[in-house]
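Residue-level structural notes
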Amino acid sequence: MTNNEIRAIFDSIAPVYDQLNDWLSLGQHRIWKEMTIKWSGAKTGDTSLDLCCGSGDLSLRLARRVGATGRVYGVDFSTALLEIASARAQSEYLPPVITWVEADVLDLPFENNYFDAVTMGYGLRNVTDIPRSLKEIHRVLKASAKAAILDFHRPSNQQIRALQQWYMNHLVVPLAEQMGFKEEYAYISPSLDRFPIGTEQVRIARQVGFVTATHYPIANGMMGVLVVTKA
């Protein structure tokens, strides 16, 4: 799937993105996102980056973490989702610490060694070049800084993997179909089949230069957070 095709999917589902995320995860995505923020090491006053920010969930959480003295850049290539994210930030009366940027995560418009922390939620699986994306994250991070990347994962336990596939095929896709987005959400299962498992993500992260890389399986291995540190 090309970048343009992926962008078109996310532009089209933007109006129901948050609602479907709640149903997809039974509301648990909020807990996983808080874990991701914690593992990123972001703290008060930091300049942080949230990649594939979507409707802004992680960006808004980062903004609360870094506070009024910090800075958050929310990056996505979907104009429709960025508009929703911006409206959410205004409605929640957050300090004006978030800058929304329309950009490609494979070619970030930021200087080297710029960010104290980076997060990405459900984006790495959709990029067309995972090593290049991780290399860009490595480039823009400051020395000793961390990135935390949350995404789906294929469980090693075959029974749980079968349950995950059943859930996608019999609950997620039919639900999306009722809302008129069957084709847009049917791509999740095949994208997960192609997505490197945790050990492979760790290998790629080390290959592009991260000094440490750990993949934490969550939700019985159906989700995972890759945490990487720059030297």
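Predicted, not measured: the structure shown is a model, and the values here were computed from it.

Two elements in contact, helix H3 (residues 29–40) and helix H4 (residues 57–66), have axes separated by 10 Å at closest approach and are oriented at 50°. Regarding the angle of H3 to H4, the classification is oblique. Note that H3 runs across H4; the crossing there is right-handed. Only Asp57, Leu58, Arg61, Leu62 and Arg65 of H4 make contact with H3, whose side of the interface consists of His29, Arg30, Lys33, Glu34, Thr36, Ile37, Lys38 and Ser40. Considering only residue class, the contact of H3 with H4 consists of three nonpolar, three polar and seven charged.

What follows is about the nonpolar core. Considering soluble globular proteins, one finds that nonpolar side chains tend to be buried as a cluster. Grouped together as the largest cluster of nonpolar side chains are 33 residues, with contacts concentrated most on Leu49, Leu51, Phe110, Leu134 and Ile137. Secondary-structure elements contributing two or more residues to this core are strand E1 (47–51), strand E2 (71–76), strand E4 (115–121), helix H6 (130–140), strand E5 (141–152), helix H10 (198–207) and strand E7 (223–229). Look past the residues within four positions of Phe110 in its chain and what remains in contact with it is Leu49, Tyr73, Val75, Val101, Phe115, Arg139 and Val140.

In terms of burial, H4 is a largely internal element, eight of the ten residues being buried. If you check which residues of H4 are buried, you get Asp57, Leu58, Ser59, Leu60, Arg61, Leu62, Ala63 and Val66. In the core, the buried residues of H4 are packed alongside H3, E1, E2, helix H5 (79–91), strand E3 (98–102) and E4. Following H4 by one or two positions, Gly67 adopts a phi angle in the positive range, close to 75°.

The subject of this paragraph is the pairing of E7. Where burial is concerned, most of E7 is hidden: seven out of the seven residues are buried. Along E7, one buried face is formed by Met223, Val225, Val227 and Thr229 and the opposite face, lined by Gly224, Leu226 and Val228, is buried too. Two strands pair when backbone bridges link them, and E5 and E7 are joined in this way by seven bridges, in the antiparallel orientation. Pairing of Phe152 across the sheet is with Met223, part of E7. Bridge count between strand E6 (residues 212–218) and E7: seven bridges; the pairing is antiparallel. Bridge pairing in E7 places Thr212 opposite Thr229. Between the end of E6 and the start of E7, which pair antiparallel, lie four residues, with Ala219 showing a positive phi angle near 55°.

Our focus in this paragraph is the sheet that holds E6. Spatial ordering of the open sheet is given by E3-E2-E1-E4-E5-E7-E6, a layout of seven strands whose pairing is mixed. Because the sheet does not close on itself, it has two edges, and the strands there are E3 and E6. Sheet twist, expressed as the mean angle between neighbouring strand axes with direction ignored, is 15°.

As a further point, take H3. Across its twelve residues, H3 extends 16 Å between first and last C-alpha, which sits within 8% of the 16 Å expected from 1.5 Å per residue. Looking only at H3, the buried set comprises His29, Trp32, Lys33, Thr36, Ile37 and Ser40. Down the axis, H3 shows its buried residues gathered within 145° of arc, on one side only. Just downstream of H3 lies Gly41, where phi reads positive at about 80°.

Now for the environment of Ser133. Here Ser133 lies in helix H6. Sequence-wise, Ser133 and Asp107 are 26 residues apart; in three dimensions their C-alpha atoms are separated by 8.1 Å. Apart from residues no more than four positions distant in its own chain, Ser133 is found in contact with Val105, Leu106, Met120, Leu124 and Val127.

Attention shifts here to the environment of Phe152. Within the secondary structure layout, Phe152 lies in strand E5. Considered as a pair, Phe152 and Tyr122 are 30 residues apart in the sequence and their alpha carbons are 7.0 Å apart. Beyond its immediate chain neighbours, meaning those up to four positions away, Phe152 contacts Tyr122, Arg125, Met168, Ile188, Leu192, Phe195, Met222 and Met223.

As a further point, take the side chain of Asp50. Mapped onto the fold, Asp50 is located in strand E1. Put simply, Asp50 is tucked away with no salt bridge, and the nearest opposite charge, on Lys33, sits 8.4 Å away. Separated by 2.7 Å, the side chains of Asp50 and Ser59 make a polar contact. Not counting the four nearest positions on each side in its chain, Asp50 is found in contact with Leu58, Ser59, Leu62, Tyr73, Gly74, Val75, Thr119 and Met120.

Definitions and cut-offs
Residues numbered from 1 in each chain as written. Predicted model: local features only at pLDDT ≥ 70, side-chain atom pairs only at ≥ 80, totals over all residues. Heavy atoms only, no water. Axes fitted to C-alpha atoms, helices over the stretch in contact; angles between N-to-C directions. Helix = DSSP H or I, 4+ residues; strand = E, 2+ residues; numbered from the N terminus. Parallel < 35°, antiparallel > 145°, perpendicular 65-115°, else oblique. Left-handed = near helix turned anticlockwise from the far one by under 90°. Contact = heavy atoms within 4.5 Å. Nonpolar A, V, L, I, M, F, W, Y, C, P; charged D, E, K, R; others polar. Core = buried A, V, L, I, M, F, W, Y, C linked by side-chain atoms within 4.5 Å. Buried < 20%, exposed > 50% of the residue type's maximum accessible area, 1.4 Å probe, protein only. Pairing = 2+ DSSP bridges. Expected span 1.5 Å × (residues − 1). Arc of directions from axis to C-beta. Lys, Arg positive; Asp, Glu negative; His and termini not counted. Salt bridge = Lys/Arg side-chain N within 4 Å of Asp/Glu carboxyl O. Polar contact = N/O pair within 3.5 Å; in protein donor to acceptor, adjacent residues only side chain to side chain.

Nothing here speaks to function; it is geometry throughout.
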